Amino acid sequence: TQTLLTVKEVQQILKVTRRSIYGWIKKGILLPIRIGGSLRFRREDIEELIRKGAETNPKANGKKMILAIDDDLLVRESLRMLLERSGFSIKCAASGGEALEILKNEDFDLILTDVRMPEMNGIDTLKSIRKLRREQNRPPIPEIILTAYEDPAIRAEAEKLGVSRFITKPFDLQEFIAALRDPLEEKTADDVKPVHSE
C-alpha cells in the first residue's frame, strides 16, 4: 500500500503554509485524496512538485526573481500567473513579516509590495527590508509599490524613500510589465513614476 501524507506533513516537507497547499489544490497543481473529512496526498505527487521546483529554480534558469508582498491571496495568485507568464520567477509573501523571513535566506532582483496590509504596511515593510539588507551587507533591491488606493501621503513617503515606481490599480498589463523591467535594467531606485490605465 502507498504511503499517504497529511496536510501537516506536506507543509513540513515543502516548507509552505496551509494556505499555499489549498491554493495549489484549487488551481489543480496538487490533487488530494479525500478520506472521510480529511485530505491526504500521494508521496510521489509531492516529490514531483519538488522536482518541478528544482527545474524552475531562478538561479538555474537565469530569470529575474521578484518577491511580491500582498495580504490578499487572490492578488498574490494573479500576480504569480501574470509574472510567470511574462518570464519572471516569483515568490509571494502574505505579510511584511513573512517577506523579511524569506529575505533572510534568499535574494531577489525586485520587491513588489502592496501598501495596505495588517501589522506592517508596505512603506514600513520596505524600511524593514532596507534595514535587513544593511545588516546583511547586501546592496539594496529595487522596489515597486502596487496599490488600489491613491493616497498622496503614501506617495510622498514613497518618493522620499526613493522607491522605483508607484503603480496604481487598475493598470494596463503591458505598462505594468514594462514598469517592472525598467528598475530591473537600471538596478537603481529613481523617482516615483505613476503607471495606470487611462
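What comes next concerns the included structure. What you see is a predicted model; the values in this text were computed from it and never measured. (Residues numbered from 1 in each chain as written. Predicted model: local features only at pLDDT ≥ 70, side-chain atom pairs only at ≥ 80, totals over all residues. Heavy atoms only, no water.)

## Considering the overall build of the chain
Part 1 of the reasoning: When its secondary structure is counted, the chain shows nine helices and nine strands.
Part 2 of the reasoning: Among the 198 residues that make up the chain, the fraction classed as buried is 39%.
Part 3 of the reasoning: Partitioning the contacts of the chain with sequence separation of at least 6, the portion at a separation of at least 24 is 65%.
Part 4 of the reasoning: For the chain, the accessible area works out to roughly 11200 Å², and carbon and sulfur atoms hold 51% of it. (Helix = DSSP H or I, 4+ residues; strand = E, 2+ residues; numbered from the N terminus. Buried < 20%, exposed > 50% of the residue type's maximum accessible area, 1.4 Å probe, protein only. Contact = heavy atoms within 4.5 Å. Areas by Shrake-Rupley, 256 points an atom, 1.4 Å probe, with all protein chains shown as cover.)

## Description of the packing of helix H7 (residues 122-135) against helix H8 (residues 152-161)
Part 1 of the reasoning: Two elements in contact, H7 and H8, have axes whose closest approach is 11 Å; the angle formed by their N-to-C orientations is 15°. As far as their axial angle goes, H8 and H7 are roughly parallel. For the element pair H7 and H8, the recorded crossing hand is left-handed. For the pair formed by H7 and H8, the contact residues are Ile-123, Lys-127 and Arg-130 on the first element and Ile-154, Glu-157, Ala-158 and Leu-161 on the second. (Axes fitted to C-alpha atoms, helices over the stretch in contact; angles between N-to-C directions. Parallel < 35°, antiparallel > 145°, perpendicular 65-115°, else oblique. Left-handed = near helix turned anticlockwise from the far one by under 90°.)

## Let's talk about the sheet that holds strand S2 (residues 33-35)
Part 1 of the reasoning: Pairing is antiparallel across the open sheet formed by three strands, whose spatial order is S1-S3-S2. Looking at strand neighbours, the two that pair on one side only are strand S1 (4-6) and S2, the edges of this open sheet. Going across the sheet, the axis of each strand differs from the next one's by a mean of 45°, ignoring polarity.
Part 2 of the reasoning: Note: S2 against strand S3 (residues 38-42), three bridges, orientation antiparallel. (Pairing = 2+ DSSP bridges.)

## Overview of H8
Part 1 of the reasoning: Looking only at H8, the buried set comprises Ile-154, Arg-155 and Ala-158. Buried residues along H8 cover an arc of 100° about the axis, so they all sit on one side. Exposed side chains of H8 directed beyond 90 degrees from the buried face belong to Pro-152, Ala-153 and Lys-160.
Part 2 of the reasoning: Of the residues one or two after H8, Gly-162 is the one with positive phi, at around 85°. (Arc of directions from axis to C-beta.)

## A word on the pattern of salt bridges
Part 1 of the reasoning: Summed over the entire model, instances satisfying the criterion amount to eight salt bridges.
Part 2 of the reasoning: For Arg-42, the salt bridge is made with Asp-45, and the minimal N-O distance between the two is 3.1 Å.
Part 3 of the reasoning: Between Glu-101 and Lys-104 there is a salt bridge, with its nearest N and O atoms 2.8 Å apart.
Part 4 of the reasoning: For Lys-104, a relative accessible area of 43% translates into the label partly exposed. (Salt bridge = Lys/Arg side-chain N within 4 Å of Asp/Glu carboxyl O.)

## Notes on the pairing of S3
Part 1 of the reasoning: Here S3 shows a clear split, with Leu-39 and Phe-41 buried on one side and none of Ser-38, Arg-40 and Arg-42 buried on the other.
Part 2 of the reasoning: As paired strands, S1 and S3 are joined by three bridges and run antiparallel to one another. When the bridges of S3 are listed, Leu-5 appears paired with Phe-41.
Part 3 of the reasoning: Here S2 folds back onto S3 in antiparallel fashion, the turn holding two residues, of which Gly-36 has a positive phi close to 65°.

## A few points about helix H5 (residues 73-85)
Part 1 of the reasoning: Look at H5: 18 Å from first C-alpha to last across 13 residues, which is about the 18 Å you get at 1.5 Å a residue.
Part 2 of the reasoning: For H5, the full list of buried residues reads Arg-76, Glu-77, Leu-79, Arg-80, Leu-82 and Leu-83.
Part 3 of the reasoning: The N-cap of H5, judged by a side-chain oxygen 2.8 Å from the amide nitrogen of Leu-74 a few residues on, is Asp-72.
Part 4 of the reasoning: Following H5 by one or two positions, Gly-87 adopts a phi angle in the positive range, close to 95°. (Expected span 1.5 Å × (residues − 1). Polar contact = N/O pair within 3.5 Å; in protein donor to acceptor, adjacent residues only side chain to side chain.)

## So, the nonpolar core
Part 1 of the reasoning: Leu-67, Ile-69, Leu-103, Phe-108, Ile-111 and Ile-145 are the most contacted members of the largest nonpolar core, which has 23 residues in total.
Part 2 of the reasoning: Of all the secondary structure elements, the ones that give two or more residues to this core are strand S4 (65-69), helix H6 (96-103), H7 and H8.
Part 3 of the reasoning: Residue contacts for Ile-69: discarding those within four places in its chain leaves Ala-93, Ser-95, Gly-96, Ala-99, Ile-111, Leu-112, Thr-113, Asp-114, Met-117, Thr-125 and Ile-129.
Part 4 of the reasoning: Counting residues in hydrophobic clusters, the runner-up holds 19 residues, among them Leu-79, Leu-112, Leu-146 and Leu-180. (Core = buried A, V, L, I, M, F, W, Y, C linked by side-chain atoms within 4.5 Å.)

## Focus on the pairing of strand S7 (residues 143-147)
Part 1 of the reasoning: Within S7, five of the five residues are buried, which leaves it mostly tucked inside the rest of the structure.
Part 2 of the reasoning: A two-sided burial pattern is seen for S7, the buried positions comprising Glu-143, Ile-145 and Thr-147 on one face and Ile-144 and Leu-146 on the other.
Part 3 of the reasoning: Note that strand S6 (residues 110-113) and S7 share three bridges and pair parallel. Residue pairing in the sheet places Ile-111 in a bridge with Glu-143 of S7.

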